[in-house]
Amino acid sequence: MTVAIVGVSGAVGQEFLRVLADRNFPVEELRLFGSARSAGRSYTFRGKTYRVSELKQNDDFKGVHVAFTSAGAGTSREFAETITKYGAVMIDNSSAFRMDDDVPLVVPEVNPEDALTRPRGIIANPNCSTIQMVVALKPLETLAHIRRIHVATYQSASGAGAAAMDELIAQYRQLLNGETPKVEKFAFQLAYNVIPHIDVFTDNGYTKEEMKMHNETRKIMHSDVAVSATCVRVPALRAHSEAIWIETERPLSVEEARVALEQAEGIVVQDHPSEKSYPMPLFVAEKDPVYVGRIRKDISNPNGLSFWCVSDQIKKGAALNAVQIAEYLLKAGNIHKSA
């Protein structure tokens, strides 16, 4: 297959290279694209060196089967027609098209079949915090319809990109050296701090990040579920954590919930509190699954359950999910070489 990566120099773009290699995705030809600043850089994939081309409005995507894009919503909107005009499948990691009615929003463990119908040749990769939550919710929804979700996220620096990760590391170094930490990527210093503010605030008092979790969850799960989120940035490096409370139409026991989660695709249950065994971002970083623990009844609601989940934001929250979509399409015989 001929594969393109747009935004290859970013954290997610680099993760695409690793995930494609690790999963032995059938890449016969690889094309790398980036901004004018990134053009000319070289990256190695499976022992071969590839140079980055500047993304332009031309015919560079002719012959491409699938294009993984992670260069921001503005770039995705500007170049979507160029990327897809010869028939390439565009799997987009930005927020540009997620809520468009004619663009499927896909998590392979939850709604893979939605990827088969894509009128514009685009499939949207959901927001990272939404992806890991719906993976954990799917087996529970199968047991009993989920009516309500409350979620508090503890999101790592990686959600703001490679430069944000570098800034967090630099801040700790600067503080240990008695220097004033440099703050550019976040509203405040993140080191030794938590910031209850991700993305911009909307008129209803929620941030865009929080509203993404509401809107995207409903679209992915084809559900009327009510979702209320509080999204918080924490000084972890690259895995997001979430405390989740759900209310279901009928009471679920902890035992049946645990069995469903243990049997579900893409989930690892790590739930032995007496042994201090539960998911933590330090140990989940760079791993593929969504980890679930602290499964318990919500003592404030007879139809409620509470649990904790952690997943690598750059992997399952971005690059891995996109590659899994392409794998599903390939297995279904639904990717065809463009003109």
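Now for a look at the structure at hand. (Residues numbered from 1 in each chain as written. Predicted model: local features only at pLDDT ≥ 70, side-chain atom pairs only at ≥ 80, totals over all residues. Heavy atoms only, no water.)

**Brief notes about the overall build of the protein**
Phase 1 of the analysis: The secondary structure content of the protein amounts to eight helices and 13 strands.
Phase 2 of the analysis: Since a compact globule built from 339 residues should have a radius of gyration of about 20 Å, the 20 Å found for the protein is in line with a globular shape.
Phase 3 of the analysis: When each of the 339 residues of the protein is scored for burial, the buried share is 55%.
Phase 4 of the analysis: For the protein, contacts bridging at least 24 residues in sequence account for 67% of all contacts bridging at least 6.
Phase 5 of the analysis: Of the accessible surface of the protein, which amounts to about 14,800 Å², a share of 50% is contributed by carbon and sulfur atoms. (Helix = DSSP H or I, 4+ residues; strand = E, 2+ residues; numbered from the N terminus. Rg over C-alpha atoms; globule rule 2.2 N^0.38 Å. Buried < 20%, exposed > 50% of the residue type's maximum accessible area, 1.4 Å probe, protein only. Contact = heavy atoms within 4.5 Å. Areas by Shrake-Rupley, 256 points an atom, 1.4 Å probe, with all protein chains shown as cover.)

**Let's talk about the packing of aromatic side chains**
Phase 1 of the analysis: Throughout the structure, instances matching the rule amount to four aromatic pairs.
Phase 2 of the analysis: Ring geometry for Tyr172 versus Tyr192: centroids 4.8 Å apart, planes at 85 degrees, classification edge-to-face. Of this pair, Tyr172 sits in helix 4 (residues 162-176) while Tyr192 sits in the loop between helix 4 and helix 5 (208-221), and the two are 20 residues apart along the sequence.
Phase 3 of the analysis: By relative accessible area, which is 23% here, Tyr172 ends up partly exposed.
Phase 4 of the analysis: The exposure class of Tyr192 is exposed, given its relative accessible area of 59%. (Phe/Tyr/Trp six-rings, centres within 6.5 Å; stacked < 30°, edge-to-face > 60°.)

**Examining the environment of Tyr154**
Phase 1 of the analysis: Within the fold, Tyr154 resides in strand 8 (residues 146-155).
Phase 2 of the analysis: In this structure the C-alpha to C-alpha distance between Tyr154 and His240, which are 86 residues apart in sequence, comes to 5.9 Å.
Phase 3 of the analysis: Setting aside residues no more than four positions away along its own chain, Tyr154 makes contact with Val232, Val234, Ala239, His240, Ser241, Glu242, Ala243 and Trp308.

**Here we look at the state of the cysteines**
Phase 1 of the analysis: Summed over all chains, the structure comprises zero disulfides.
Phase 2 of the analysis: With no disulfide of its own, Cys231 lies 8.9 Å from the sulfur of Cys128, the closest cysteine sulfur.
Phase 3 of the analysis: Looking at Cys231, the relative accessible area reads 0%, which means it is buried.
Phase 4 of the analysis: Free of any disulfide, Cys309 has its nearest neighbouring cysteine sulfur in Cys128, separated by 12 Å. (Disulfide = S-S within 2.5 Å.)

**Section: the pattern of salt bridges**
Should their charged atoms come close, side chains of opposite charge can pair.
Phase 1 of the analysis: Per the counting criterion, the structure on display carries 19 salt bridges.
Phase 2 of the analysis: With a closest N to O distance of 2.9 Å, Arg31 and Glu29 form a salt bridge.
Phase 3 of the analysis: Lys212 is the partner of Asp199 in a salt bridge, and the nearest nitrogen-oxygen pair spans 3.5 Å. Taken together, the positions of Asp199 in the loop between helix 4 and helix 5 and Lys212 in helix 5 put the pair 13 residues apart, joining distant regions of the chain. (Salt bridge = Lys/Arg side-chain N within 4 Å of Asp/Glu carboxyl O.)

**Here's the deal with the nonpolar core**
Phase 1 of the analysis: Within the largest apolar cluster, 55 residues are counted, with the highest numbers of intra-cluster contacts made by Phe61, Leu137, Ile149, Ile244, Ile246, Val292 and Phe307.
Phase 2 of the analysis: Looking at which element gives the most residues to this core, the answer is helix 3 (residues 128-143), with seven residues.
Phase 3 of the analysis: Sequence-distant contacts of Val292, defined by excluding residues within four places in its chain, comprise Ala136, Leu261, Ile267, Val268, Val269, Gln270, Asp271, Pro279, Phe307, Trp308 and Cys309.
Phase 4 of the analysis: In this structure, Val52, Met165, Phe186 and Ile314 belong to the second largest nonpolar core, which totals 43 residues. (Core = buried A, V, L, I, M, F, W, Y, C linked by side-chain atoms within 4.5 Å.)

**A short note on the sheet that holds strand 1 (residues 2-6)**
Phase 1 of the analysis: Taken in spatial order, the seven strands line up as 3-4-2-1-5-6-7 in an open sheet, and their pairing is mixed. Each having just a single partner strand, strand 3 (42-45) and strand 7 (122-124) make up the two edges of the open sheet. Direction aside, neighbouring strands of the sheet carry axes that sit 25 degrees apart on average.
Phase 2 of the analysis: Sheet topology note: the strand 1/strand 2 (residues 29-34) ladder contains five bridges and is parallel. Among the inter-strand pairings, Thr2 is bridged to a residue of strand 2, identified as Glu29. (Pairing = 2+ DSSP bridges. Axes fitted to C-alpha atoms, helices over the stretch in contact; angles between N-to-C directions.)

**What about the packing of helix 3 against helix 6 (residues 254-263)?**
Phase 1 of the analysis: Look at helix 3 against helix 6: their axes get within 9 Å of each other, and the N-to-C directions meet at 125 degrees. Between helix 3 and helix 6, the interaxial angle falls into the category oblique. Read as a crossing pair, helix 3 and helix 6 show a hand that is right-handed. Of the residues in helix 6, those touching helix 3 at Ala136, Pro139, Leu140 and Leu143 are Glu256, Ala257, Ala260 and Leu261.
Phase 2 of the analysis: For the contact of helix 3 with helix 6, a count of residues per class yields seven nonpolar, no polar and one charged. (Parallel < 35°, antiparallel > 145°, perpendicular 65-115°, else oblique. Left-handed = near helix turned anticlockwise from the far one by under 90°. Nonpolar A, V, L, I, M, F, W, Y, C, P; charged D, E, K, R; others polar.)

**Section: helix 3**
Phase 1 of the analysis: At Leu137, helix 3 is deflected by roughly 35 degrees, the largest bend along its length, and proline Pro139 occurs up to four residues later in sequence.
Phase 2 of the analysis: For helix 3, the set of buried residues is Cys128, Ser129, Thr130, Ile131, Gln132, Met133, Val134, Val135, Ala136, Leu137, Pro139 and Leu140. (Bend = angle between axes of the 7 residues up to and from the residue.)

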